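Structural overview
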Amino acid sequence: MDGVKLHAFWASPFSARVIWALKIKGIPFEHIEEDLPNKSALLLQYNPVHKKIPVLVHGPRPVCESMVIVEYLEETWPQHPLLPTDPHKRAVARFWVKFIEDKSPNVWMVYRTVGEEQEKARRDSSEMLSILEEHGPNKGKKFFGGDSINIVDIAFGGVALWMGAMEEVSGCKMFDAAKLPRLNAWIANFKSSPVIAENLPDRGKLCDHLARLREKRLSSSTSK
Amino acid sequence: MAGEENRVVLHGTRVSLYSARVELALKVKGIEYELVEEDLMNKSEALLRFNPVHKKVPVLVHNGKPIAESLVIIEYIDENWKEGPRLLPQDPYERAKVRFWAGFLHQQLFEATASVIKTDGESQERAVKEVHEKLKMLEEGIKGSYPGGSPFVNGDNMGLLDIVVCSLFGPHKVQEEVLGVKFLDPEKHPRVTSWVKALNELPLVKEVTPPHEKLVGALQCFRNRALESAAA
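How each quantity is defined
Every chain's residues receive numbers from 1 upward, in the order its sequence appears when written. As they are written, the chains are lettered A onward and the ligands numbered 1 onward, keeping that order. Residues qualify for local features only when their pLDDT is at least 70, as the model is predicted, and side-chain atom pairs are given and counted only at 80 or more; totals for whole chains, interfaces and linings, by contrast, use all residues. Side-chain descriptors were evaluated using all non-hydrogen atoms of the structure, hydrogens and water having been removed beforehand. In this description, contact between two residues means that some pair of their heavy atoms is separated by no more than 4.5 Å. Note on definitions: buried area is the accessible-area loss of two parts on being combined, 1.4 Å probe, summed for both. The salt bridge definition used is simple: a Lys or Arg side-chain nitrogen within 4 Å of an Asp or Glu carboxyl oxygen. To obtain an axis, a line is fitted to C-alpha atoms, over the contacting stretch when the element is a helix, and the angle between two such axes runs from 0 to 180 degrees between their N-to-C directions. Helix and strand labels come from DSSP, where a helix needs a run of H or I of at least four residues and a strand needs a run of E of at least two; each type is numbered from the N terminus. Between 65 and 115 degrees an angle is taken as roughly perpendicular, under 35 as roughly parallel, over 145 as roughly antiparallel, and anywhere else as oblique. For this scheme, ten residues count as nonpolar: Ala, Val, Leu, Ile, Met, Phe, Trp, Tyr, Cys and Pro. Four count as charged, namely Asp, Glu, Lys and Arg, and the remainder, Gly too, count as polar. Only when DSSP finds a minimum of two bridges between them are two strands counted as paired. Only protein chains enter the accessibility calculation, which uses a 1.4 Å probe; a residue whose area is less than 20% of its type maximum is buried, one above 50% is exposed, and one in between is partly exposed.

With that settled, the discussion passes to the interface of chain A and chain B. Taken together, the 24 residues of chain A in the interface contact 25 residues of chain B. Looking only at chain A, the three residues that lose the most surface to chain B are Val49, His88 and Phe95 of chain A, adding up to 26% of its buried area. Scanning the region where chain A abuts chain B turns up 7 salt bridges. Two residues, Glu79 of chain B and Arg94 of chain A, come together in a salt bridge whose shortest N-O distance is 3.1 Å.

Written as structure tokens, this is what we have:
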């Protein structure tokens, strides 16, 4: 079978999602670490639309967008499935993946902004979390996928496990553990799962990196 | 649930482009369904119960079980009814291409188009520029990803990607009339323009498209409400 390469970045939650899927499925791959201020010519050629990581290259074929990649992995390597077989249950899982994709940019906005803009993003992020707490398909279960991690866990993991660092760096709290007991328990379960625990960036290193980026972004926007 | 066996009900409305997508998918597959026409200003209790998270159309209810989100519904339709024309290709890489472009259209182009609808003056000019830039990316991308001759990227019948483009730019004449702005330019976007034209000529598409004046009224109303609330 054709080889698999992944253009990734250590601090990116999006490339983490793909790494988790690859490792859970036991798919061998070559990790190509991109230096994001200096994107490789190959990356720009493989992802001309967004010019972003992650990009999975299977043989000669590039696949872009983290959750599109995860579905591609699921369909090409069916072992250790990340989606149920029943069509309705698959639709429910995809609904939640879409929900997370639509609402999670608010989390990045909290980290990227200040003042009123940040406050609005914080409120919207909290609302996303409340909805997941109340309606999420993980009631009484260890993961959104039941006993094992599924595509919803992977999608949300990329958001939830970066939220703490973003809160620390921006000084803005989004996750109220007292109001989100189910999600809080989910985070503990997810983080302690071996594949996830072994494939997370160092928290201190991540916070330093995010703090530097935030400062750069805020100072360049005020100097306009 | 008794009486629900194989019953397919769509809670939607034809002035909603999202709801129209699902109707197109059902019609391509030849699935019999019941359309429960929702008044978006006065949503039914059933709709709110079936979609408590978003409280929006469309919601497909099959065998009494609800599914929301138009693109999720279309994938469900394709997976659950395996007979009949396919809405997505079989090959995983081709499926990834469809999902990538559907995502680009649904998130980026839709958002940019919505900005044009909801703004005026300089903000609107900026939004129009963004739509044109993204249309150019779509033009290049579709030419590269689908160099074949068929106007539909799915082959002989409309597929998910055709449905998404049709829902967004099918009503371009309505958009031009209400906004005084042209999105599709046959010289800058020849492939996308001819694709949309071919889609609009399909009997299936004509069946689910409300009359021009009705769509103009609905879009004008939507724009007025958005401009009022922005000014408030």
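There is more to say, and it comes next.
What follows covers the packing of helix H4 (residues 92-118) of chain B against helix H6 (residues 160-169) of chain B. Residues and elements named next belong to chain B. Here H4 crosses H6 at 10 degrees, and the two axes come no closer than 9 Å. If you check the angle between H4 and H6, you find them roughly parallel. For the pair H4 and H6, contact is made by Val98, Trp101, Ala102, Leu105, Leu109, Phe110 and Thr113 and by Leu160, Leu161, Val164, Val165, Leu168 and Phe169, respectively. Partitioned by chemical class, the residues of the contact of H4 with H6 number 12 nonpolar, 1 polar and no charged.

Residue and element names in this part refer to chain B. Strand order in this open sheet of 4 strands is E2-E1-E3-E4, and the pairing throughout is mixed. The open sheet has two edge strands with one neighbour each: strand E2 (34-37) and strand E4 (65-68). Ignoring strand direction, the axes of neighbouring strands in this sheet form an average angle of 25 degrees. Looking at chain direction, strand E1 (residues 8-12) and E2 are connected through 4 bridges and run parallel. The partner of Gly12 across the bridge, within E2, is Glu37. Relative to E1, helix H1 (residues 17-29) is tilted by about 155 degrees, and along the sheet it contacts E1, E2 and strand E3 (59-62).

Taken as a whole, this structure holds 30 salt bridges over all chains when the rule is applied. In this structure, Lys179 of chain A engages Asp176 of chain A in a salt bridge whose closest nitrogen and oxygen atoms are separated by 4.0 Å. The class for Lys179 of chain A is exposed, based on a relative accessible area of 64%. Residue Asp176 of chain A is classed as partly exposed on the basis of its relative accessible area of 34%. Its salt-bridge partner being Lys197 of chain B, residue Glu201 of chain B comes within 3.7 Å of it at the nearest N-O pair. For Glu201 of chain B, a relative accessible area of 48% puts it in the partly exposed group. In the salt-bridge network here, residues are joined through shared partners; they are Glu71, Glu75, Arg90 and Arg94 of chain A together with Glu75, Glu79, Arg95 and Arg99 of chain B.

Here we come to the sheet that holds strand E4 (residues 61-64) of chain A. Residue and element names in this part refer to chain A. A sheet is described by the order of its strands in space; here 4 strands give the open sequence E2-E1-E3-E4, paired in mixed fashion. One side of each edge strand has no neighbouring strand; the edge strands of this open sheet are strand E2 (30-33) and E4. If you compare each strand with its neighbour and ignore which way they point, the axes differ by 20 degrees on average. In this structure, strand E1 (residues 4-8) lies alongside E2, joined through 4 bridges in parallel fashion. Residue Leu6 lies in a different strand from E2, and its bridge partner there is His31.

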